[in-house]
Amino acid sequence: MEDNPLSMYLEQIEQLVVLQKVDDEIIVLEQELENLPKELADLESQNDDFDHRLELLADKLDILKTQQKRLNDEVEDNASKIKKSKSKLMMAENTREYHAMMREMDNMEKLNRTREEERIALTEELERQKDLSAEVEAQAKELKETLETYKTSIKKRTAAAKKRLTILGKQRDKACSVVPKPVLGRYEFIRARISNPVIVSVIDGVCSGCHILIPPQIFNDLQKGEQIISCPNCQRLSYWCEHFSGEEKAFTSEGKAREAAELKSAEAAEAAEDIEDVAIDDSGDK
Ligand SMILES: [Zn+2]
């Protein structure tokens, strides 16, 4: 079987597909590790905004309360002045003085009615601001709870992602070690330049990486399975999907099963090691 060129070709493709699967998962985890602190920063910035809004609202409430107190004092003061004037009215010595005192009292009463209206408007505004503060406070409280939950989960998620990446790193080394150097070189070359994935299937003559039809001559070569062919459009390494279905699948399944079993046992052993590693890392962090 080793002498069969198609068998060797398919084995290389399979090894690359294994490598691709490992890389797919690594990309997702690395993205997660990159996003977690960003999401945390976003929540913290929202929290700061709330704190700032609450500060402004508290300042506004203080100002309104001061105004309210001043108006209350003024209304009270005027009322007692009016009361005094009324009692003085009896002591007016002549009509002229009496009218003068009446006018003064009228003015004071008019002023107090205006102040009273102002006081009503101010009380309404104060209530409105209090309601708004309560609403913002409730939202801020909810966000703070979300933030705390996130802070707890980010540690766990980061540790889990890092642990999984360590395992994947070892799986990657292992997968790389079985791919022939020139083939691995092509894989890495493409990986560094083109967005994931690196190796793609060709279904009904269409590259599943760029969804463009492969020219017939190249598709013929791909079906022969003699050498690894790149998609002429997107440059990704390609393989014919039919090589991995039906009879062809059975033809390679032995090697695949062996490889899977090896990876699995290695993963279990590494996982045990990594749990220890993470435990040590965790204690170091604190
Ligand atoms: Zn393509």
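Residues numbered from 1 in each chain as written. Predicted model: local features only at pLDDT ≥ 70, side-chain atom pairs only at ≥ 80, totals over all residues.

## Comments concerning the nonpolar core
Counting 22 residues, the largest nonpolar core has Leu-16, Leu-19, Ile-199 and Val-202 as the members making the most contacts within it. Elements represented by at least two residues in this core include exactly α1 (5-89), α2 (95-178), β1 (199-203) and β4 (237-240). No other element matches α1, which puts seven residues into this core. With residues up to four places along the chain from it excluded, the contact list for Leu-16 reads Val-179, Val-183, Tyr-187, Ile-199 and Leu-237. (Core = buried A, V, L, I, M, F, W, Y, C linked by C-beta atoms within 7 Å. Buried ≥ 20, exposed ≤ 12 C-beta atoms within 10 Å, placed from the backbone. Helix = DSSP H or I, 4+ residues; strand = E, 2+ residues; numbered from the N terminus. Contact = placed C-beta atoms within 7 Å.)

## Notes on the packing of α1 against helix α3 (residues 181-193)
Put simply, α1 and α3 touch, their axes get as near as 11 Å, and they point 35 degrees apart. Helix-helix and strand crossings are classified by hand; for α1 and α3 the assignment is right-handed. Of the residues in α3, those touching α1 at Gln-12, Leu-16, Leu-19 and Asp-23 are Val-183, Tyr-187 and Arg-191. (Axes fitted to C-alpha atoms, helices over the stretch in contact; angles between N-to-C directions. Left-handed = near helix turned anticlockwise from the far one by under 90°.)

## Considerations on the pairing of β4
Burial along β4 is two-sided: the residues Leu-237 and Tyr-239 and Ser-238 and Trp-240 are all buried. Across four bridges, the pairing between β1 and β4 is parallel. The residue bridging Val-202 from the neighbouring strand is Trp-240, located in β4. Alignment of strand β3 (residues 229-230) against β4, held across two bridges, turns out to be antiparallel. The residue bridging Ile-229 from the neighbouring strand is Ser-238, located in β4. As consecutive antiparallel partners, β3 and β4 are separated by six residues, and within that stretch Gln-235 has a phi angle of approximately 75 degrees, a positive value. (Pairing = 2+ DSSP bridges.)

## A closer look at the pairing of β1
One ladder, built from two bridges, connects β1 with strand β2 (residues 206-207); its direction is antiparallel. Counted as the bridge partner of Ile-203 is Val-206 from β2. Counting the residues that bridge the hairpin from β1 to β2 gives two residues, and of these Asp-204 lies at a positive phi of roughly 50 degrees.

## A few points about the sheet that holds β4
With mixed pairing, the four strands of this open sheet are ordered in space as β2-β1-β4-β3. Edge strands, defined here as strands with exactly one partner in the open sheet, are β2 and β3.

## Overview of unusual backbone geometry
A cis amide bond links Asn-196 to the next residue, Pro-197, at an omega of 0 degrees. Position of Pro-197 among the secondary structure elements: in the loop between α3 and β1. The backbone phi angle of His-211 is positive, close to 60 degrees, even though this residue is not glycine. Mapping His-211 onto the fold places it in the loop between β2 and α4 (216-224). Look at Gln-235: it is not a glycine, yet its phi comes out positive at around 75 degrees. Mapping Gln-235 onto the fold places it in the loop between β3 and β4.

## Looking at α2
The periodicity of an α-helix, 3.6 residues per turn, causes residues three or four positions apart to be oriented the same way. Relative to the 124 Å expected for 84 residues at 1.5 Å per residue, α2 spans 120 Å between its end C-alpha atoms, a close match to the ideal helical length. Residues Leu-168, Gln-171 and Ala-175 constitute the buried set of α2. (Expected span 1.5 Å × (residues − 1).)

## Notes on the packing of α1 against α2
Look at α1 against α2: their axes get within 4 Å of each other, and the N-to-C directions meet at 165 degrees. Classified by the angle between their axes, α1 and α2 sit roughly antiparallel to one another. Pair α1 / α2 crosses with left-handed handedness. Broken down by class, the residue content of the contact of α1 with α2 amounts to 39 nonpolar, 15 polar and 22 charged. (Parallel < 35°, antiparallel > 145°, perpendicular 65-115°, else oblique. Nonpolar A, V, L, I, M, F, W, Y, C, P; charged D, E, K, R; others polar.)

## Thoughts on the environment of Glu-11
Along the chain, Glu-11 falls in helix α1. Sequence separation of Glu-11 and Val-179 is 168 residues, and the distance between their C-alpha atoms is 9.1 Å.

## Structural notes on the environment of Glu-188
Along the polypeptide, Glu-188 turns up in helix α3. Separated by 10 residues in the primary sequence, Glu-188 and Val-198 place their C-alpha atoms 8.4 Å from one another.

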